[in-house]
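Report on the structure
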Amino acid sequence: MFFCLMLGIHGACAAAIRASSDPVKEERPIKPEDKEHWAFKPLQSTPGNKGIDDLTEHSLPPADPATLIRRITFDLTGLPPTPVEVTAFRDAAIRNPNPALESLVDKLLASPRYGEHWAQWWLDLARYADTDGFEYDAERNRAWQYRDWVIDALNRDMPFDAFVQHQIAGDLMGDETATGFLFSCPDMPDLNNQNERRHVLLNDIATTVGAVGLGLTVGCAQCHDHPYDPISQADFYRLRAFFDNTVLTKNSKPLGPAVRIFNEGIPASTVFVRGDFKRPGPEIQPAIPRVFGATPPKADRAALAQWLASKDNPLFLRTMANRLWQQHFGKPLAAIPGDLGHQGEAPTNPALLDWLAAELPRQNWSLKRLHKVIVMSQTYQQKTTTPTRLTGEMLRDAMLSVSGQLNLKPGGPGVKLPLPKEISSTLLKSQAEATKDVTEHTRRSIYTFARRNLRHPLFELFDRPDAQISCARRNASTTAPQALMLLNSDFAHSIAAKIAAQLNEQHGSDATALITAATIRCFSRQPTPQEIELGQKFLQKQTALTPDFREALADYCLALLNSNEFVYVD
């Protein structure tokens with residue numbers, strides 16, 4: 001402990017690494033103090049009918065209608081509102097603010113665009129991609145079926161406990177497509193030693209289930225007892241044992257895309273000494289980590305799923321409530337959403353986190369209802385001092401949307417987008433080929449082909465995770481290449497040219513009308529007099545530098561697309 005204090009670490013300090021030759025026999029017992037960590041305790045109750053606004057400070061004035069509709073529309077659908085929607089909401093909000101807002105929220109939650117947006121949140125957690133990764137990065141021709149399942153389940157507001165349970169044991173519940181969650185991991189089908197391949201896959205599955213469902217780094221216990229949390233190496237392999245009969249690898253045979261149960265040829269469930277697949281240790285039975293209580297006899301994956309996503313599992317509820325708050329407000333209540341254990345940070349507002357955690361089952365596990373509770377709060381509707389940057393997918397979709405080009409066709413195999421020559425020239429021909437039907441190239445980003453070894457440049461620059469492991473929180477970097485991409489890429493120039501052509505056709509060369517229409521499209525608000533004056537001067541100056549007025553207007557539109565107000569949401 002002294003060493004930790006010298007380093008300025010005031011949280012839990014690691015015990016000596018225990019990599020036993022008999023992880024079961026030498027397993028440390030669970031002590032009462034192991035259950036005293038804040039995240040493991042029962043939810044604290046909130047007296048009366050208190051809600052979000054009773055548990056937070058919301059001293060800032062409310063956001064204006066234009067800011068609010070843009071914020072809520074992006075939050076719930078990942079797309080900007082249309083000029084018609086902005087005008088209608090502004091007029092309705094002037095007459096009756098709350099009914100207008102509630103009507104807007106209900107409409108957005110009922111839209112198919114809702115599931116298409118929120119699915120990406122879950123796919124990040126599921127480490128979803130359409131390829132294997134590693135050297136050959138082979139395609140998974142049916143992986144998209146799991147992606148479409150997630151979108152559909154969210155759109156029909158499948159109860160969230162059932163949603164999570166089906167990811168783990170859907171094949172035992174008549175819904176095997178959902179178990180694509182387990183097999184979304186990277187894989188190397190041609191690995192020389194298939195026993196090693198199986199070992200790696202099962203470790204990844206157990207690690208991901210623990211990370212996503214419990215918000216804990218259980219994977220740290222693959223080779224030794226967890227140095228911070230009360231999870232032993234044997235606990236890890238007991239959790240893994242729930243999945244042992246789902247993975248029976250064969251050379252060069254790809255995964256899934258859905259789980260099936262094997263009844264023959266499955267090795268006995270054991271711990272592996274120091275995580276070495278060549279050193280199987282004592283046999284074990286499937287069980288949840290001991291710190292969370294006893295496991296019923298002969299429990300299977302369905303029992304694991306029911307325990308995990310249960311109103312009686314406070315860690316699961318806190319984990320999911322924390323992530324939901326993060327998606328709406330840009331930062332979680334507990335700062336490290338992928339680790340609520342001893343190495344994580346306690347929530348800044350524990351009462352609010354526990355209230356949200358309890359509210360999910362109180363809302364009959366409806367994510368849509370909980371979304372509505374959050375966005376209808378005064379806390380959410382107040383002005384913000386910390387704008388949130390759009391993700392790469394949201395940015396691309398917004399650009400297509402404001403240019404009137406977004407193809408809203410749902411579902412199906414992933415669309416392969418054209419790549420810049422400097423990238424495609426370095427790839428195998430099969431990896432560089434774009435989908436032949438060019439109308440597919442403007443579909444929503446959720447439906448684009450997700451290659452593990454090569455993310456689309458726009459997505460990579462704006463911090464899309466690589467899908468090697470579960471991602472609980474994306475980075476939100478600000479770099480020079482982002483600006484260069486938005487200013488110079490063929491995609492950005494084509495979007496700006498499309499907007500300019502449409503506006504020119506509608507408003508001719510009326511600079512005031514053009515600037516007003518462009519501002520409403522891109523920013524969901526009217527321009528200020530100063531912006532109109534600056535825009536007129538820009539168009540006048542740029543017209544003298546370009547072949548014609550439309551190109552000058554395209555440059556103006558490009559400037560709007562490159563502005564902070566377009567890339568960020570207040």
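Going by the structure above, here's the rest.
Below is a summary of the structure that appears in this document. (Residues numbered from 1 in each chain as written. Predicted model: local features only at pLDDT ≥ 70, side-chain atom pairs only at ≥ 80, totals over all residues. Heavy atoms only, no water.)

1. Brief notes about the side chain of Glu393
Along the chain, the position of Glu393 falls in helix α15 (residues 392-402). We classify Glu393 as buried; its relative accessible area is 5%. Residues within four places of Glu393 in sequence aside, it is in contact with Gln120, Ser445, Phe459, Arg464 and Arg474. (Helix = DSSP H or I, 4+ residues; strand = E, 2+ residues; numbered from the N terminus. Buried < 20%, exposed > 50% of the residue type's maximum accessible area, 1.4 Å probe, protein only. Contact = heavy atoms within 4.5 Å.)

2. Some remarks on the pattern of salt bridges
Side-chain pairing between opposite charges can occur once the charged atoms of the two side chains come close. Counted under the stated rule, the structure contains 36 salt bridges. The closest approach of N and O atoms between Lys416 and Glu139, which form a salt bridge, is 2.6 Å. Placement of the pair is Lys416 in the loop between α15 and α16 (421-424) and Glu139 in the loop between α5 (112-125) and α6 (144-155), with a sequence separation of 277 residues. For the salt bridge of Asp152 with Arg156, the shortest nitrogen-to-oxygen distance reads 2.7 Å. Put simply, Arg113, Glu116, Arg396, Asp397 and Arg444 are held in one network by salt bridges that share partners. (Salt bridge = Lys/Arg side-chain N within 4 Å of Asp/Glu carboxyl O.)

3. Thoughts on the packing of aromatic side chains
According to the stated counting rule, one finds 18 aromatic pairs in the structure shown. Taking 5.8 Å as the distance between ring centres and 70° as the angle between the ring planes, the aromatic pair formed by Trp121 and Trp122 counts as edge-to-face. Classification of Trp122 by relative accessible area gives buried; the value is 1%. Taken together, the ring pairs in this structure connect Trp118, Trp121, Trp122, Trp149, Phe160, Phe163, Phe181, Phe316 and Trp365 into an aromatic cluster. Against the face of Phe181 rests Arg127, its NZ or CZ located 5.8 Å from the ring centre. (Phe/Tyr/Trp six-rings, centres within 6.5 Å; stacked < 30°, edge-to-face > 60°. Lys NZ or Arg CZ within 6 Å of the ring centre and 35° of its normal.)

4. Brief notes about the side chain of Thr208
Positionally, Thr208 belongs in helix α8 (residues 194-214). Separated by 2.8 Å, the side chain of Thr208 and the backbone oxygen of Asp204 make a polar contact. Each residue touching Thr208, except ones within four places of it in the same chain, is listed here: Leu125, Arg127, Phe181, Gly213 and Ser470. (Polar contact = N/O pair within 3.5 Å; in protein donor to acceptor, adjacent residues only side chain to side chain.)

5. Some points on the nonpolar core
If you look at the biggest cluster of nonpolar residues, it comprises 102 residues, and the most contacted ones within it are Trp122, Tyr146, Val150, Phe160, Phe163, Phe243 and Leu356. Discounting chain neighbours no more than four positions away, the residues touching Leu356 are Ile52, Ala321, Trp325, Leu333, Leu370 and Ile374. Grouped together as the second largest cluster of nonpolar side chains are 38 residues, Met485, Leu503, Tyr556 and Val569 included. (Core = buried A, V, L, I, M, F, W, Y, C linked by side-chain atoms within 4.5 Å.)

6. Here's the deal with the environment of Pro83
Relative to the helices and strands, Pro83 is located in helix α3 (residues 83-95). Looking at Pro83, the relative accessible area reads 33%, which means it is partly exposed. Put simply, Pro83 and Ser524 are 441 residues apart on the chain and 6.5 Å apart in space, counted from C-alpha to C-alpha. The residues contacting Pro83, other than those within four sequence positions of it, are Ile520 and Arg521.

7. Quick notes on the state of the cysteines
Here the structure, examined in full by the defined rule, presents zero disulfides. Cys471 provides the cysteine sulfur closest to Cys185, a residue in no disulfide bond, and the two sulfurs are 16 Å apart. For Cys185, a relative accessible area of 0% translates into the label buried. Among the cysteines around Cys223, which has no disulfide bond, Cys220 carries the closest sulfur, lying 9.7 Å off. (Disulfide = S-S within 2.5 Å.)

8. Some words on unusual backbone geometry
Backbone geometry follows two general trends: most residues other than glycine have a negative phi, and most peptide bonds adopt the trans configuration. At the junction of Gly256 and Pro257, the peptide bond is cis and its omega measures out at 15° in the coordinates. Its location among the elements puts Pro257 in the loop between α9 (233-241) and β1 (270-272). A positive phi angle, near 60°, is found at Phe134, a position not held by glycine. Along the chain, Phe134 falls in the loop between α5 and α6. According to the relative accessible area criterion, Phe134 is partly exposed, its value standing at 38%.

9. Quick word on the environment of Asn195
Position of Asn195 among the secondary structure elements: in helix α8. Judged by relative accessible area, which is 57%, Asn195 ranks as exposed.

10. So, helix α21 (residues 511-523)
Since there are 3.6 residues in each turn of an α-helix, residues three or four apart along the chain are aligned in direction. Compared with an ideal rise of 1.5 Å per residue, which puts 13 residues at 18 Å, α21 spans 17 Å between its outermost C-alpha atoms and is within 8% of the ideal. Counting buried positions along α21 gives 10 out of 13 residues, so the element sits mostly inside the fold. Of the positions making up α21, those classed as buried are Leu514, Ile515, Thr516, Ala517, Ala518, Thr519, Ile520, Arg521, Cys522 and Phe523. The N-cap of α21, judged by a side-chain oxygen 3.2 Å from the amide nitrogen of Thr512 a few residues on, is Asp510. At the C-terminal side of α21, Ser524 shows a positive phi close to 65°. (Expected span 1.5 Å × (residues − 1).)

11. Some details on the environment of Ala450
Mapped onto the elements, Ala450 comes out in the loop between α17 (429-432) and α18 (457-461). Sequence separation between Ala450 and Gln468 is 18 residues; the distance between their C-alpha atoms is 12 Å. Discounting residues that sit within four places of it in the chain, Ala450 has contacts with Tyr128, Ala129, Asp130, Thr131 and Arg464.

12. Brief notes about the packing of helix α20 (residues 490-507) against α21
Direction vectors running N to C along α20 and α21 enclose 135°, while the axes themselves pass 10 Å from each other. When the axes of α20 and α21 are compared, the pair comes out oblique. The interaxial crossing formed by α20 with α21 has right-handed handedness. Across the interface between the two elements, Ile499, Gln502, Leu503, Asn504, Gln506 and His507 from α20 touch Ala513, Leu514, Ala517, Ala518 and Arg521 from α21. In terms of residue class, the contact of α20 with α21 is built from six nonpolar, four polar and one charged. (Axes fitted to C-alpha atoms, helices over the stretch in contact; angles between N-to-C directions. Parallel < 35°, antiparallel > 145°, perpendicular 65-115°, else oblique. Left-handed = near helix turned anticlockwise from the far one by under 90°. Nonpolar A, V, L, I, M, F, W, Y, C, P; charged D, E, K, R; others polar.)

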